[in-house]
Amino acid sequence: MSVLRAVRTVPTPERPGPGPMPESLLRALDVTVGRRMEGLLAGDYRSTILGDGTELAQVRPYVAGDDVRRIDWAVTARTGEPHVRVQLAERVLVTWLVLDTSPSMQFGTGERRKTDVAEGVAIALGHVATRRGNRLGIVTFGGAEPRTVPPRQGRVGLIGLLGTLRRASEPEQRVGATPLGPALTRTGAAAAQRSLVIVVSDFRGPLDWRGPMLELAGRHDVLAVEVRDPREQELPNAGDLWLVDPETGRLLRVDTRNRRLRARFAAAAAEERSGLARMLSSVGVRHVVLSTSGDWLRELAVFLKRRER
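Residues numbered from 1 in each chain as written. Predicted model: local features only at pLDDT ≥ 70, side-chain atom pairs only at ≥ 80, totals over all residues. Heavy atoms only, no water.

Colleague: How should the nonpolar core be read in this particular structure?
Modeller: Across soluble globular proteins, nonpolar side chains have a tendency to be buried as a group. Residues Leu99, Val121, Leu161, Ile198, Val200, Val225 and Leu290 are the most contacted members of the largest nonpolar core, which totals 28 residues. Elements represented by at least two residues in this core include exactly strand 4 (94-100), helix 3 (114-129), strand 5 (135-141), helix 4 (154-168), strand 7 (196-201), strand 8 (221-228), strand 11 (286-291) and helix 8 (296-308). With seven residues, the single largest contributor to this core is helix 3. With residues up to four places along the chain from it excluded, the contact list for Leu161 reads Leu97, Leu99, Ala122, Ile123, Gly126, Leu136 and Ile138. Counting 23 residues, the second largest nonpolar core, distinct from the first, contains Val139, Met213, Val222 and Leu276. (Core = buried A, V, L, I, M, F, W, Y, C linked by side-chain atoms within 4.5 Å. Buried < 20%, exposed > 50% of the residue type's maximum accessible area, 1.4 Å probe, protein only. Helix = DSSP H or I, 4+ residues; strand = E, 2+ residues; numbered from the N terminus. Contact = heavy atoms within 4.5 Å.)

Structure representation (structure tokens):
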């Protein structure tokens, strides 16, 4: 079910933005995300894989086929036998942000729109994901021009993220379904090494994504960040309204003065969201719900801190 939104809504600023992002909360996210990755991913942590790098793993006797440039001459001179240095492979932590830019993300009756919350999540986690040489890649979906930005290090990765967000926020000229499934497939194809994948979406539209999500979660650590607006879960008592599904453009006229109608709508909306939570859990994906009303950044930090224990 795709919950319909009301055309007649309380006016909101054209671009209210994600709101304040205190440095203290960003630092908390940095620590929490870092601890979540310890022992799971490379990057700021010691690798268990031998290969090119700067950290010494061992010195062993030379065998035919070893690169002579790796000979440790001090040990060779001391033992009288050729020895080579073997390093730990240097691998950075790669984070992929999968961002929903579909028409339904433009909706918001709280303090901001869903797309503003998604933008804030992307900026906050992008800030964390691009520190200390780690890399950030971006996949957008749901808009007229889905984009894939390869992983980049540091400030370059964050600048790439901001540029993608600016382009994604431009008004779309058409209404269309949200193709999350193909976006997850694109992400899986692009993510060559084990990564952290963060999907930021309202998860409305075709349920074509369970298979790709299951496959992605089998290879990577996946976090689903669901963005909701309170009005999507219940109808106001506002008389006759024309409702439109932003994913399909379908119109429906309803009399919201009908108490039974409002109760049925709320029950159906709650069941639909419960079904989404069950589906995400069934594929082994962590799931957090953020609202357009309230302090979304604190909710995200609390969730990650709770899951860290």
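Colleague: Could you clarify how one ought to interpret helix 6 (residues 210-219) in this entry?
Modeller: Owing to its 3.6 residues per turn, the α-helix aligns residues three or four sequence positions apart on the same side. What helix 6 keeps buried is the set Pro212, Met213, Leu216 and Ala217. The arc enclosing the buried residues of helix 6, seen along the axis, measures out at 130°, which places them on a common side. Those residues of helix 6 that are exposed and angled more than 90 degrees off the buried face are Glu215 and Gly218. (Arc of directions from axis to C-beta.)

Colleague: Help me out: how do you make sense of the environment of Val139 in this one?
Modeller: Within the secondary structure layout, Val139 lies in strand 5. Overall, the relative accessible area of 0% leaves Val139 in the buried class. For the pair Val139 and Thr187, spaced 48 residues apart in the sequence, the C-alpha separation amounts to 6.8 Å. In contact with Val139, other than residues within four places in its own chain, are Trp96, Leu97, Val98, Leu99, Arg147, Thr148, Ala183, Arg186 and Thr187.

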